Amino acid sequence: MTPLIPTAASMAAEQKSAEVTDWAARIGWLVGLVLFVALVYWLMREGWKWRGTLQSDLPELPARPSPATTVNGGGKPPLPGMPEDPGPVKLSMSGRYHGSTTAGQWLDRIVAHGLGTRSRVELTLTDAGLDVVRPGATDFFIPAEALREALLGKGIAGKVLSEGGLLVVTWAHGDKLIDSGFRSDRAAEHIEWVDTLNNMINMINMINKSTKTEGAR
């Protein structure tokens, strides 16, 4: 019996079939990968929404006061106890806002009212408080009386930077203490911000303590 010798035509057909099979496998793999990525994205989005729902009791963010009571303006009515003249600008900073968390818990991200959105930021500190302007995200204002502490950090809301690469400002909002993380375009400024903020906070505390003492007499 004469052995079957594969012809050039049959070999070409087999090779073509193998190529088609490979393409089918690749397409199937890509489709599976796309579906997996879509699932992960959906789960992250639902988790974000769920966290926002849990934090729905967080009050609206303090808005910047009217042009008459702040350097940058904003068209909002002045906050209770806001000085008529915010005084000169103590410090200003351009950089990035990296998020906010429950004070002391750098992974407990706060997403309500846009606080979870990372963005560019312009900070302005006056006697009235800290003006946080975020292009493309929600601006907010931290009254001086709400400031609690400033320190150097390296991580917040899942973002890790070099040691001292983050300015962390602790402030009171409603019945919650919040840590907000900022990084200047010139990280060397962080130390001056920490010193100035803490001196300002200590001065406010001394004034409040003295006022309460006088009132008790």
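Everything below is about the structure shown above.
Chains are numbered independently. Their residues run from 1 in the order of the written sequence. Selection of residues for local features in this predicted model requires a pLDDT of at least 70, selection of side-chain atom pairs for listing and counting requires 80 or more, and totals for whole chains, interfaces and linings are taken over all residues. Just so you know, side-chain values use all the structure's heavy atoms and leave hydrogens and water out.

Focus on the nonpolar core
Put simply, buried Ala, Val, Leu, Ile, Met, Phe, Trp, Tyr and Cys residues joined by side-chain atoms within 4.5 Å make one nonpolar core. Three exposure classes are used, based on accessible area relative to the maximum for each residue type with a 1.4 Å probe and protein chains only: buried under 20%, partly exposed in between, and exposed over 50%. If you look at the biggest cluster of nonpolar residues, it comprises 30 residues, and the most contacted ones within it are Leu115, Leu123, Leu130, Phe140 and Trp193. Here a strand is any run of E in DSSP of at least two residues, a helix any run of H or I of at least four, and the numbering for each starts at the N terminus. Taken together, the elements giving at least two residues each to this core come down to strand 1 (91-102), strand 2 (119-126), strand 3 (129-133), strand 4 (140-143), strand 5 (147-153), strand 8 (166-173), strand 9 (176-184) and helix 2 (190-216). Any pair of residues with heavy atoms lying within 4.5 Å of one another is described as a contacting pair. In contact with Leu115, not counting residues within four places along its chain, are Leu58, Leu61, Tyr97, Gly99, Ser100, Ile110, Arg134, Phe140 and Ile178.

A look at unusual backbone geometry
At His113, a position not held by glycine, the phi torsion is positive, near 60°. Its place among the elements puts His113 in the loop between strand 1 and strand 2.

Regarding the packing of aromatic side chains
Each pair of aromatic rings taken from Phe, Tyr and Trp, with Trp reduced to its six-membered ring, is defined by centres within 6.5 Å and is described as stacked if the planes are under 30 degrees apart, edge-to-face if over 60, and tilted in the remaining cases. Using the criterion set out here, one finds three aromatic pairs in the structure. Here Tyr97 and Phe182 contribute two aromatic rings whose centre-to-centre distance is 5.7 Å and whose plane-to-plane angle is 55°, an arrangement assigned as tilted. Placement of Tyr97 in strand 1 and of Phe182 in strand 9 is noted, with a sequence separation of 85 residues between them. With respect to burial, Tyr97 and Phe182 carry one shared label: buried. Taking the centre distance of 5.6 Å and the plane angle of 15° together, the rings of Phe140 and Trp171 count as stacked. Note that Phe140 is positioned in strand 4 and Trp171 in strand 8, a separation of 31 residues in sequence. Take Trp171: its relative accessible area is 0%, and that puts it in the buried class. Following the ring pairs from residue to residue traces out a cluster consisting of Tyr97, Phe140, Trp171 and Phe182.

Thoughts on the sheet that holds strand 8
Spatial strand order, 4-3-2-1-9-8-5: seven strands in an open sheet with antiparallel pairing. Each having just a single partner strand, strand 4 and strand 5 make up the two edges of the open sheet. The sheet shows a mean angle of 30° between the axes of neighbouring strands, direction not considered. We call two strands paired when DSSP finds no fewer than two bridges between them. Angles here are taken between N-to-C directions and fall from 0 to 180 degrees, while the axes themselves are lines fitted to C-alpha atoms, restricted in helices to the stretch in contact.

A few points about the pairing of strand 3
The element strand 3 is largely enclosed, with a buried count of five among its five residues. Where strand 3 lies against strand 4, four bridges are found, and the strand directions are antiparallel. Across the sheet, the residue bridging to Val132 is Phe140, located in strand 4. A loop of six residues connects strand 3 with strand 4, the two strands running antiparallel in sequence, and Gly136 in this loop sits at a positive phi of about 85°.

Side note on the environment of Lys176
Structurally, the position occupied by Lys176 is in strand 9. Here the alpha-carbon distance between Lys176 and Ala103, two residues 73 residues apart in the chain, equals 8.3 Å. When residues no more than four places from it in sequence are discounted, the contact partners of Lys176 are Leu58, Thr102, Ile110 and Trp171. At 3.3 Å, the side chain of Lys176 and the side chain of Thr102 are in polar contact. Two N or O atoms count as a polar contact when they lie within 3.5 Å, although within protein this holds only if one can serve as hydrogen donor and the other as acceptor, and sequence-adjacent residues are included solely when both atoms are side-chain atoms.

With respect to the pairing of strand 1
Side-chain positions along a regular strand alternate between the two faces of the sheet. Most of strand 1 is tucked away, with nine of its twelve residues classed as buried. One ladder, built from seven bridges, connects strand 1 with strand 2; its direction is antiparallel. Paired with Ser92 across the bridge in strand 2 is Thr124.

Observations concerning the side chain of His190
Among the structural elements, His190 can be located in helix 2. Residue contacts for His190: discarding those within four places in its chain leaves Met93, Leu152, Gly164, Gly165, Leu166, Leu167, Phe182, Arg183 and Ser184.

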